[in-house]
Every structure is written in C-alpha cells, then in structure tokens.
Amino acid sequence: MKKKTTVPLIVFLVGICLLSLFTYNTNVQIQKDRRTIAKLNAVTYGQRIENDIENGIEITDTLKQVLINGNGQIINFSKIAENLMSYSIQSVQLAPNGVVTDIYPEDGNEAGKIDLLKDSKRGEISNYSKDHDITIIQGPIKLKQGGSGLVVRNPIYLEDENGQEYFWGFTIVILRVPEIFEDSTNALSKFKYYYRLSREASVLDKKYVEVDANCDKMIRPATYNLTVGKEKWKLEIMPRAGWSNSKTLYFIFFGGLSLVLLLTEIIRVLFLLDERRVELKELAHKDGLTKLYNQYGFDELAEKMIKKDPEAYYVAALLDVDDFKLINDMYGHAYGDKALISLAENMQNFFPSSALLGRNGGDEFCILLSNRTDEEAKEALIQFTKTPKTFTYKDQIHLFYISLGYAQYPMDASNRSQLMRCADAALYEVKLHGKNGCMAYQEGFQSGIRKQLGFVLNDVSENLPGAFMIYRADKEDDEIFYANKEFLDMSGYENLDELFKNTNKSFRNLIREDQQKAVEENIWNQIESGSKNDYIHYQLRKQDGTYIPVLDQGRIVESVRFGKVFYVLFMDWQAMQSHYSEKFNAKDV
C-alpha cells in the first residue's frame, strides 16, 4: 500500500519539478528573445523619432539662415512660412528682440504675440537660450486649437557694422504632438507595443516629463536614449502581452502537466494491477467471509508444508458448528455469518501464528499444526473445543459450540489427503456421541459418512410430517425460536420473519385471546405435575386473523444454549376428526 502510493507520488512530484524547471527556462528564453526584439525596435523607432524632431527643428534653422542672409530682414514671411508648413507644424513665428511679432498662420494664434524674455512662464528658459546661444524646446503644452505641441526657439545673433554680434531674436516653430513622430508611434502600436516618450523638462530641469504614451504603466521596459539638440530624451517600449508568452507557457505547462498526470496514472494503474493480481491470487486461496484460507488454499499450503519436511509431525483437525442450521433459521443468515466470523477470530487468537487455518465451506473449518504430536496438541484442542463461542444478536450475546476431530501425521496417515480423511472420521464419531466434543482418530473409524448425516439433520425439521415449533419455556417470556415450513403453511405465514413480526415472537399471541389464560395454565399444570409432555386442544390464530382448531403436543427439554424450551407438534383437529372419526369423539372448543 505504501509503495502503491509513494512511487506514483514521487513520479508526480519529480515530473512537476522538471516541468516547472522547463517552463521557467522557456519563460526566461522567451523574455530574453522578446527583450532583444524590443530593444532593436526601441533603437529603430527611437532614431526615427529623433530624426522627426530634428526635421521640425530644422525649420527654425531655415528661417535663421534667411534672416542672416537678409541682415535681419525677411521679405514675404508669410509666403516663406507657408512653404515650410506641414501636417505636423502648428505655426511658424518670429520674435525680434524676444517679442513675437510675426505668426503664420496668424488666425487663432494672436495670443502668442508676447515678450518671451519677460514672460513669467517662458522668460527664464528664453533668456538662457539667448545667453548661451542654444536652441531650446518647451513642452508639451496644450494648444488652444486642441492637442499638444512642442515649442522650439532658436536664438539668432547678427553682426553690426562694427563686426560686433548682437541678439536679433528667435525663430520659433510649434510642432504638433504626436503628429511630428506619429509614423513611428503608430508602427509601435501596430506591432502591439506599449510605448512612452519622455524628455528632460529643459536644459535647466533634468526631470523627465512625458511627451506621448499609449499606456499608464510600464513593466521593465526596453529603453533607448536619444539626444535632441542639447536635451536628453528616452523611448520606452514593452509588448502589450507582457514579456512572457502566456499562451505558449500555458500550453507547455498544462500539456506537460497532462503528460505527468498520465505517466503518474499509468504507474498507479500498474501498481493497482499488480496489487489486483496479488488480491486475485489471495482470493483464490482465501475465504471471502472469514479471511482464512479456503479449501483450495489450505490444501495447497498443507501439501507444501508436509512435502517440505516429511519427517516432521503434524496434527490436522476438522471442526464444525453444532446445530448451525438452527442458528441460521432462528437469527438469519447474516447472524450465522457473524457466528462463523467470530469462530474464525477465535481460531486466530487461540492458535499460534505458525498454525495453518482454513474454512472448507459452510460451517466446516480445518487446522494444521506443525511439529506437534497428537498428545502435544490434545490439551489445546480440547480446551478450544470446550470454550463457548459467542456472537451478538440485538445487543444480546448468544453462545454456540463446536465439535472437533483430529488426526496425526505420519502415525495415522501417510499423506495430506489421507490425514484429512482421518480427521473427518474422528469428527463424525464426535457427532455420533452427542456433539460439542473433541476426539482423536482411532483405527476403525469410518470416514465419508458425516456429511450425509449432516444433510439428514439439516433437512429433518423441514420434512417432518407435521407442523413443528420451538419456543422458550418461561411463563413470563415465551419467545418463539423456530417454526418449520409445515407450521408456516398451516398458519398462513410466508416465512419466519413474518411470523415473528405478526406475533411479536410470543407463543401466547398464537392462541385465541379468550383461551390464552386457560391454555397456558393447562400446559403448566401438566408440566408441574411431573409430565415431560403436555397435550392441549385450542384455537390457533392464523396470519389472516381467522382461527384453526389444533391439537398441541409439547415436550419440555433443557437446552444448553437457551435453557428450558418447548418442542411442540401441531395437528389439525378437523383433519384428525375427518381421518379418524371412529376413534375421536371430539367437541369444539
């Protein structure tokens, strides 16, 4: 049992460990591959975004070059700006001396005409751009036209007639976000990536601010750092499905789990089949009720024991339950089985573990004691025979007894089968001498007749030419123990259980109510006057409530098991009158 449970469990646990390790390694490899691909995509599209933003910034460089060439003058700004405009450009502006004066397109952008150097929100960074001559980017900012934008300011320095540089102002372009780099972000979304593009707030503030994203949270993203002008940007991406391939891992794990369970079940079934083979082999040798060896198993092992050591002494015994059929009839076969089980347990508890114990069938049991002579075994066998055996019926303990015959090898027999026949003959002699005895085989005992005798005794009550009953001889408790089929037919009952239920197992309830007291007094007067037999005529109550006149002939006897009991024969009074009218002059009761 331990092996049957432990080995499949070990196989299952080892299988789960290997499967978990394989799944883990597969997951690590999948994540590694996905991260490598994500890193390549981050680099590819990060560079594209970098180029897209640089292209937007170049608009300010173009305007700057026009102003330098025009010595601070620009002719037909609107026309030039119109040519520079694109889908991703919100507006193009000029800010001489830091004051925005020209905006294209002007409609909707009039509020942008401010002094950048003095503005509370734009002054500090604009002055920094002016003082250090670097292009700066601000944003993203909310656009009044809707959406977001990045503001690029490119400072311009010109030379005066003395060759001295002076600050002219800014060329400005407002880039729409995410339109300026939407080709790249759309591609990332198409390839099922989450992304987040962020930048340093400014050259004065190194804290990163989000420019564009299509998710709220990133988990260990692949990152590409890009540089736009003097500013640091970064692009972070991760697969929407996560770094692990859940479907693949589920398939691997549950597929592997199915294989592990299948392997575990196969191993368990193999153990069960082996156990079943052992059980079947045991069933072929064991009695299902008592768990002792059956006749086949007992004979096989007894044969092997004697052949293994033919010079040793052996004592074989046969025993059966006295009046076993009466137990079955009175209490039912279930309690007869309990008596047999109790007897088997008594045998196992009484005899040594080396004794071979078996049940030949019915109520017949067999014993083989090794390394014992009949004289050495005699006292134990007698003690076992005389000790009352018990079983419980309705919380009451009931006694039963056995008869036992035994023989010795090699004194009485030269082989096993002959030894068992001698023990059988000894048991027959016990039965002939009154049961509940123990007897050794003696030369001249006849074998092979006991079963025939048992057959006659078992059938005698059923084949009596008359109705027959046994009940307790007690004035206060007249419990019915047994009634034969002839009585059941006479009184109209289907079986004993119906009789017991209808009469509450009381003999008194079979007598017509107005006759009960007189009949019982008559019976006991006859018995107490010294007679063993009583004769009484009364009306017997049948199952359907009608009555039949009967002649009751009873005998009181002393039973070892039940104390004083009445054995009663019933004769149909009317039938007797019909057949023997010339001898009976009866009158109705």
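Residues numbered from 1 in each chain as written. Predicted model: local features only at pLDDT ≥ 70, side-chain atom pairs only at ≥ 80, totals over all residues. Heavy atoms only, no water.

## Topic: the packing of aromatic side chains
In the structure shown here, the tally under the stated rule is 19 aromatic pairs. Measuring from centroid to centroid gives 6.4 Å for Tyr-45 and Phe-191, while their planes differ by 55°, and the two rings are tilted. Here the residue Tyr-45 occupies a position in helix H1 (residues 2–69), and Phe-191 occupies one in the loop between helix H4 (182–190) and strand E6 (193–200), the gap between them amounting to 146 residues. Site record: aromatic cluster; members linked through ring pairs are Tyr-331, Tyr-335, Phe-391, Tyr-393 and Phe-400. Over the aromatic face of Trp-243 sits the side chain of Arg-35, whose NZ or CZ is 4.1 Å from the ring centroid. (Phe/Tyr/Trp six-rings, centres within 6.5 Å; stacked < 30°, edge-to-face > 60°. Helix = DSSP H or I, 4+ residues; strand = E, 2+ residues; numbered from the N terminus. Lys NZ or Arg CZ within 6 Å of the ring centre and 35° of its normal.)

## Considering the state of the cysteines
Under the defined criterion, the tally for this structure stands at zero disulfides. Not part of a disulfide, Cys-366 finds its nearest cysteine sulfur in Cys-422, a span of 15 Å. Cys-422 supplies the cysteine sulfur nearest to Cys-438, a cysteine that is in no disulfide, at a spacing of 15 Å. (Disulfide = S-S within 2.5 Å.)

## Regarding the sheet that holds E6
Taken together, four strands build an open sheet; the order of strands is E7-E6-E9-E8 and the sheet is antiparallel. Single-partner strands in this sheet number two, and they are strand E7 (208–213) and strand E8 (222–228). The sheet shows a mean angle of 25° between the axes of neighbouring strands, direction not considered. For E6 and E7, the ladder comprises five bridges, and the chain directions are antiparallel. In the sheet register, Glu-200 faces E7, and the bridge partner there is Tyr-208. Contacts from H4 reach E6, E7 and strand E9 (231–239) within the one sheet, and its direction differs from that of E6 by about 145°. (Pairing = 2+ DSSP bridges. Axes fitted to C-alpha atoms, helices over the stretch in contact; angles between N-to-C directions. Contact = heavy atoms within 4.5 Å.)

## Regarding the sheet that holds strand E13 (residues 364–370)
In space, the six strands of this open sheet follow the order E10-E12-E13-E11-E16-E17, with mixed pairing throughout. Each end of this open sheet is capped by a strand with a single partner; those strands are strand E10 (293–294) and strand E17 (438–440). Two strands pair when backbone bridges link them, and strand E11 (residues 314–321) and strand E16 (residues 402–409) are joined in this way by eight bridges, in the antiparallel orientation. Bridge assignment links Val-315 to a residue of E16, and that residue is Gln-408. Here helix H10 (residues 416–432) sits on the sheet and contacts E11, E13, E16 and E17; the angle it forms with E16, its principal contact strand, is near 145°.

## Side note on the nonpolar core
Ranked by size, the top nonpolar core spans 64 residues in total, and within it Phe-507 and Phe-570 carry the most contacts. Once residues within four sequence positions are removed from consideration, Phe-507 is found in contact with Met-469, Tyr-471, Asp-478, Ile-480, Ile-523, Tyr-538, Asp-552 and Phe-570. Grouped together as the second largest cluster of nonpolar side chains are 43 residues, Leu-67, Val-92, Leu-94 and Val-152 included. (Core = buried A, V, L, I, M, F, W, Y, C linked by side-chain atoms within 4.5 Å. Buried < 20%, exposed > 50% of the residue type's maximum accessible area, 1.4 Å probe, protein only.)

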